[in-house]
Amino acid sequence: MKKCTQSTVIMVLIALLASPAVVQAQMTFNPDNGCLNVIDVAAGLGLGDYGDRSIAVNYMHEKFLNEHLAVGVGVGYNHRARYDLASIPVFLSSHYFLLDKHCSPFVNLRIGGFGILDKQHVNTGQKFSLSNKRANFNLYFSAGTGFKIHLSYRVALMASVANNSYLLKVFDTKSYDYKDKLVSSIDLCIGLCFQIDNW
């Protein structure tokens, strides 16, 4: 029994001594091998006069340009609550990691367009009503900042706050007409990012 206890203590000590080496091995992604893939879910509150609550899911596939910067493309799904609008954004995406460390703050920028899957509250002449005509350009824009922490060498958790905006033709209560306006929300995003070799 005593021998078993001593073996257990030795194993625990070895594990504790080895843990800094494991954390060191899990510091960063390797920018020379593979691509960064990010899947996130988001929920947000409306921002400004035309803002609306939203829920979203996004996937981004990015290539490392160096230890800090990854750029690529993404696609997602977004639902706006009061407009009752479902859309699919397609966008260029970039992440800039401020530190080449196990834990790092980052900034994220996305810009592109979107397709509309379904929209309700059309031509009602009330606030949060959409026109049956589309805006001059279906612009999607998002800027965010957050924090990444590695779970392993190739997998990390990400949490961020982002301002997500869609250009839509909505009812302007001042002019009593439909105008192109940015419909924005402040979203809390939780995601998983991982690196796949040679992809």
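Per-chain numbering applies: the sequence of each chain, read as written, is numbered from 1 onward. The predicted nature of this model means local features are confined to residues of pLDDT at least 70 and side-chain atom pairs, given and counted, to a pLDDT of 80 or more, with totals for whole chains, interfaces and linings taken over all residues. Only hydrogens and water are removed before side-chain values are computed, so all heavy atoms of the structure are retained for them.

Here we look at the overall build of the chain
The secondary structure listing takes helices from DSSP runs of H or I that are at least 4 residues long and strands from runs of E that are at least 2 residues long, numbered from the N terminus. When helices and strands are counted, the chain shows one helix and eight strands. Taken from the N to the C terminus, the helices and strands of the chain come in the order α-β-β-β-β-β-β-β-β. The burial tally for the chain puts 40% of its 199 residues in the buried class. The contact definition used throughout considers only heavy atoms, calling two residues in contact when any of these lie within 4.5 Å. Counting contacts in the chain only where the partners sit at least 6 residues apart, residues at least 24 apart contribute 63% of the total. Per element, the accessible surface of the chain, about 10,700 Å² overall, is 66% carbon and sulfur. Classification of residues uses two cut-offs on accessible area relative to the type maximum, computed with a 1.4 Å probe and protein chains only: under 20% is buried, over 50% is exposed, and between them is partly exposed. Note that accessible areas follow from Shrake-Rupley with a 1.4 Å probe, and for residues the cover is restricted to the protein chains shown.

With respect to the sheet that holds strand 7 (residues 155-172)
Any two strands are treated as partners once DSSP identifies two or more bridges connecting them. What the eight strands build is a closed barrel, ordered 1-2-3-4-5-6-7-8; its pairing is antiparallel. Taken over all neighbouring pairs, the strand axes of this sheet differ in orientation by 25 degrees on average, direction set aside. A fitted line through C-alpha atoms represents every axis, and for helices the fit uses only the stretch in contact; the resulting angles, taken between N-to-C directions, go from 0 to 180 degrees.

Some points on unusual backbone geometry
Positive phi values are uncommon outside glycine, yet F128 reaches one of about 65 degrees. In this fold, F128 is placed in the loop between strand 5 (103-119) and strand 6 (139-150). Phi angles above zero are rare outside glycine, and Y176 is one such case at about 50 degrees. For Y176, the position within the fold is in the loop between strand 7 and strand 8 (177-196).

A word on a nonpolar patch on the surface
A cluster of nonpolar side chains, contributed by V41, L47, V57, Y77, L117, V161, I186, L188 and I190, occupies part of the molecular surface with about 760 Å² of accessible area. When residues of the nonpolar patch are traced back to their parent elements, those giving at least two are strand 1 (35-47) and strand 8. Note on placement: V41 falls in strand 1. Only residues whose relative accessible area exceeds 30% and that take part in no salt bridge are eligible for patches, with like-charged residues grouped when within 9 Å of each other and nonpolar side chains (Val, Leu, Ile, Met, Phe, Trp, Tyr) grouped when within 5 Å. A pair is scored as a salt bridge if a Lys or Arg side-chain nitrogen falls within 4 Å of a carboxyl oxygen belonging to Asp or Glu.

Considerations on the pairing of strand 4 (residues 85-97)
Pairing between strand 3 (residues 69-80) and strand 4: 10 bridges, direction antiparallel. Looking at the pairing, L69 lines up with Y96 of strand 4. From the end of strand 3 to the start of strand 4, which pair antiparallel, there are four residues, and D84 there has a positive phi angle of about 50 degrees. From the end of strand 4 to the start of strand 5, which pair antiparallel, there are five residues.

What to know about the nonpolar core
Buried Ala, Val, Leu, Ile, Met, Phe, Trp, Tyr and Cys residues that are joined via side-chain atoms within 4.5 Å together make up what is termed a nonpolar core. By size, the foremost hydrophobic cluster in this structure holds 23 residues, and its most contacted members are L36, Y83, L168, V170 and C193. Elements with a minimum of two residues in this core: strand 1, strand 2 (54-64), strand 4, strand 5, strand 7 and strand 8. If you tally residues by element for this core, the top one is strand 7, at five residues. Leaving out residues up to four positions away in the same chain, C193 has contacts with F29, L36, N37, V38, R154, V155, A156 and M158.

A short note on the side chain of S165
Relative to the helices and strands, S165 resides in strand 7. S165 gets classed as buried once you look at its relative accessible area, which sits at 6%. As used in this structure description, the phrase polar contact means that two N or O atoms lie within 3.5 Å; if the pair is within protein, one of them must be able to donate a hydrogen and the other to accept it, and residues adjacent in sequence are counted only when both atoms belong to side chains. A polar side-chain atom of S165 sits 3.4 Å from a polar atom in the side chain of N163. Once residues within four sequence positions are removed from consideration, S165 is found in contact with L139, Y140, F141, L182, V183 and S184.

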